[in-house]
Amino acid sequence: MNRPSSLLPWLGLWLLLLSGCGSVKLSQMVMFDDVKTEKLPIDSIPQLRIMPLDIISIQVTSNDASTVLVFQQQRMASPGSGSGAASGEGALGIQEGYRVDEQGEIHMPFIGAVHAQGKTLNELRQEITTKLDKYILNTSVQCRFMNFRVTLMGEVARPSTYIIPNERLTILEALGMAGDFTPYADRTDVLVIRERNGVREFARVNTQDRNLFSSPYFYLSPNDIVYIEPMKAKQYATRGDFVERYGVILMSVLSIATIFLTTR
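Source: prediction; values computed, not measured. (Residues numbered from 1 in each chain as written. Predicted model: local features only at pLDDT ≥ 70, side-chain atom pairs only at ≥ 80, totals over all residues. Heavy atoms only, no water.)

1. Concerning the confidence of the model for the chain
- Confidence in the prediction for the chain averages 76 pLDDT; 62% of positions are at 70 or higher.
- Highest mean pLDDT in the chain belongs to strand S7 (residues 149-154) (95); lowest belongs to strand S2 (residues 85-90) (42).
- Across residues 76-94, where pLDDT falls below 50, the model places 33 contacts with residues more than four positions away in sequence or in other chains. (pLDDT = per-residue confidence, 0-100. Helix = DSSP H or I, 4+ residues; strand = E, 2+ residues; numbered from the N terminus. Contact = heavy atoms within 4.5 Å.)

Written out as structure tokens, the structure reads:
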């Protein structure tokens, strides 16, 4: 009769250990706990260079709207039509842009081929403006990337591919767009996959380390993929969630059973 009651402490210990299998420590979720009130110098922001297969939005305006009408028609052309035109999904819907071909060139009305590969957007804007000045007076040219998108996968609240309306995005801003980490995200081992200049790079960053700000992967590039791995605790999450959900009931039943057996 005493044997069942002698097993109860072991059963209680088993439940206690099981409930802690899927738990996550607070220290594993805190970001930059080693950063105090201080001023850290900001490293120079890397300038993005245009690469083949990029899609560039080029807006040309002038005091005389009729002189730049051809550029407006080019931008609104159907996907794949025109010289060097390609479609891209912008932040406000489907828009048209100029695709950089495999030779690193775009093709525009009046001025023809313009070598874009390796240039910054500002350098491309200046070159287009200089060439257009031969045909149209008082032109204004604006350029931006239309294929600046990053993909966040793994342990984030909203994994998806996000379109970026500007040319500057940090990994922290990207995580914020994706709704931040899940409780089971491994913040110390975030994988960044980058493809530029025909090379695929793999890099791991620790988002809890202040050295993240000086990492070459702190600022993301177009088409970067960010993968957040789960912690080992997640494999016990289902078991742990079960105990957290029904632990009160189990402990109540255990307590009643203990009282019943010890009073017999």
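2. Looking at the sheet that holds strand S9 (residues 185-196)
- What the five strands build is an open sheet, ordered S8-S7-S11-S9-S10; its pairing is mixed. The outermost strands of the open sheet, each flanked by one partner alone, are strand S8 (160-163) and strand S10 (199-205). With strand direction ignored, the average angle separating the axes of adjacent strands in the sheet is 20 degrees.
- For S7 and strand S11 (residues 225-230), the ladder comprises four bridges, and the chain directions are parallel. Its bridge partner lying in S11, Met153 is registered against Tyr227. (Pairing = 2+ DSSP bridges. Axes fitted to C-alpha atoms, helices over the stretch in contact; angles between N-to-C directions.)

3. So, the nonpolar core
- The biggest cluster of nonpolar side chains holds 46 residues, and the ones touching the most others in it are Ile58, Ile128 and Ile171.
- No other element matches helix H3 (residues 121-132), which puts four residues into this core. (Core = buried A, V, L, I, M, F, W, Y, C linked by side-chain atoms within 4.5 Å. Buried < 20%, exposed > 50% of the residue type's maximum accessible area, 1.4 Å probe, protein only.)

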